[in-house]
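Observations on the three-dimensional arrangement
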Amino acid sequence: MEKPEIFLASGSSARRSILAAAGLGFRWRAAAVDEAFYKTKARAMGQDADAAALALAEAKAAAVGESPDVSRMSLIIGADQMLSCEGRWFDKPTDLEGARNQLQDLRGRTHLLHSAVTLWRDGEIIWRHIEHASMTMRTFSDTFLEGYLEQEADACLSCVGAYRVEGPGIQLFEAITGDQSTILGLPMLPLLGALRHCGAIGA
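All of the points below concern the structure found in this document. Bear in mind that the values here come from a model prediction, so they are computed numbers and not experimental data.

Okay, the pattern of salt bridges next. Considering all chains together, one arrives at 13 salt bridges under this definition. Measuring nitrogen to oxygen at the nearest pair gives 2.8 Å for the salt bridge that ties Asp-142 to Arg-107. Of this pair, Asp-142 sits in helix H5 (residues 142-152) while Arg-107 sits in the loop between helix H4 (96-106) and strand S5 (110-121), and the two are 35 residues apart along the sequence. You can call Asp-142 partly exposed: its relative accessible area is 47%. The class of Arg-107 is partly exposed, set by a relative accessible area of 23%. Close ionic contact of Arg-164 with Glu-152 constitutes a salt bridge, the shortest N to O distance being 2.7 Å. Of this pair, Arg-164 sits in the loop between H5 and strand S7 (173-177) while Glu-152 is found in helix H5, placing the two residues 12 residues apart along the sequence. Through salt bridges with shared partners, a single network forms among Glu-35, Lys-60 and Asp-80.

Printed below as a string of structure tokens:
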């Protein structure tokens, strides 16, 4: 039986790199989804960050899966990530001042990354999963913070929390608990298991 084609419904270079490093053949496409709408809806319904991350991942998978040029039997990977700290949700900063404010708020505290991943096929979500990483920032100095922002510049604006742990952002932390792929927003071991179960990769 022919293996289904795999699509990644994400424009994230980190997620693409994770899949490529694992040896998977896939195509990718950024999904046009109004993230603010789904987060506002989740808040209005009293849902937590897990539910919001899953809703976003499902919406992105559906957006790509419903494209007219995507086969209905393709497997669409949808993924998204939320950051929460003591009940507050954080978004990607829009400028360096926003990044500075976020990092000052997170400094010396522990926050959670909620990484959701889903599979869509033939008009429906067939699998969903959520994993967490616990991230404790050290009490870094203002001088260090300014140097970090100068070094990272716009790169930190593409990441929730304003850091890339695969880059200089790792220096912001004193303790991290969680799988590296979960931290980067695509929990790989459960995803690989789901892809094997669907016959998309070898068992």
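It is worth spelling out the packing of H4 against H5 at this point. If you want to describe how two helices pack, look at the angle between their axes and the distance between the axes. Here H4 crosses H5 at 140 degrees, and the two axes come no closer than 11 Å. Accordingly, the angle class assigned to the pair H4 and H5 is oblique. Considering the relative orientation of H4 and H5, their crossing is right-handed. Residue-level contacts link Leu-96, Ala-99, Arg-100, Leu-103 and Gln-104 of H4 to Leu-145, Glu-146, Tyr-148 and Leu-149 of H5. Among the residues forming the contact of H4 with H5, the class breakdown is six nonpolar, one polar and two charged.

Looking now at the pairing of strand S1 (residues 6-9). Covered by surrounding structure in S1 are Ile-6 and Leu-8 together with Phe-7 and Ala-9, the residues of both alternating faces. In terms of strand pairing, S1 meets strand S3 (residues 75-85) through four bridges, oriented parallel. By the bridge assignment, Phe-7 is partnered in S3 with Ile-76. Between S1 and its parallel partner strand S2 (residues 27-28), the chain crosses via helix H1 (residues 13-21), and the hand of that crossover is right-handed.

Turning our attention to the packing of aromatic side chains. Taken as a whole, this structure holds three aromatic pairs when the rule is applied. Ring centres of Phe-37 and Tyr-38 lie 5.2 Å apart, and the angle between their planes is 85 degrees; this geometry places the pair in the edge-to-face category. On the basis of relative accessibility, which here comes to 45%, the residue Phe-37 falls in the partly exposed class. The class for Tyr-38 is partly exposed, based on a relative accessible area of 26%. Between the aromatic rings of Phe-140 and Phe-144, the centroid separation amounts to 6.1 Å while the plane-to-plane angle is 45 degrees, which identifies the pairing as tilted. Residue Phe-140 is classed as buried on the basis of its relative accessible area, which comes to 2%. Judged by relative accessible area, which is 22%, Phe-144 ranks as partly exposed. One residue, Arg-43, lies across the ring of Trp-89, its end atom 3.9 Å from the ring centre. Sitting above the plane of the Phe-144 ring, Arg-138 keeps its charged end 4.4 Å from the centroid.

Criteria and thresholds
- Residues numbered from 1 in each chain as written.
- Predicted model: local features only at pLDDT ≥ 70, side-chain atom pairs only at ≥ 80, totals over all residues.
- Heavy atoms only, no water.
- Salt bridge = Lys/Arg side-chain N within 4 Å of Asp/Glu carboxyl O.
- Helix = DSSP H or I, 4+ residues; strand = E, 2+ residues; numbered from the N terminus.
- Buried < 20%, exposed > 50% of the residue type's maximum accessible area, 1.4 Å probe, protein only.
- Axes fitted to C-alpha atoms, helices over the stretch in contact; angles between N-to-C directions.
- Parallel < 35°, antiparallel > 145°, perpendicular 65-115°, else oblique.
- Left-handed = near helix turned anticlockwise from the far one by under 90°.
- Contact = heavy atoms within 4.5 Å.
- Nonpolar A, V, L, I, M, F, W, Y, C, P; charged D, E, K, R; others polar.
- Pairing = 2+ DSSP bridges.
- Right-handed = clockwise from strand over helix to strand, strands pointing away.
- Phe/Tyr/Trp six-rings, centres within 6.5 Å; stacked < 30°, edge-to-face > 60°.
- Lys NZ or Arg CZ within 6 Å of the ring centre and 35° of its normal.

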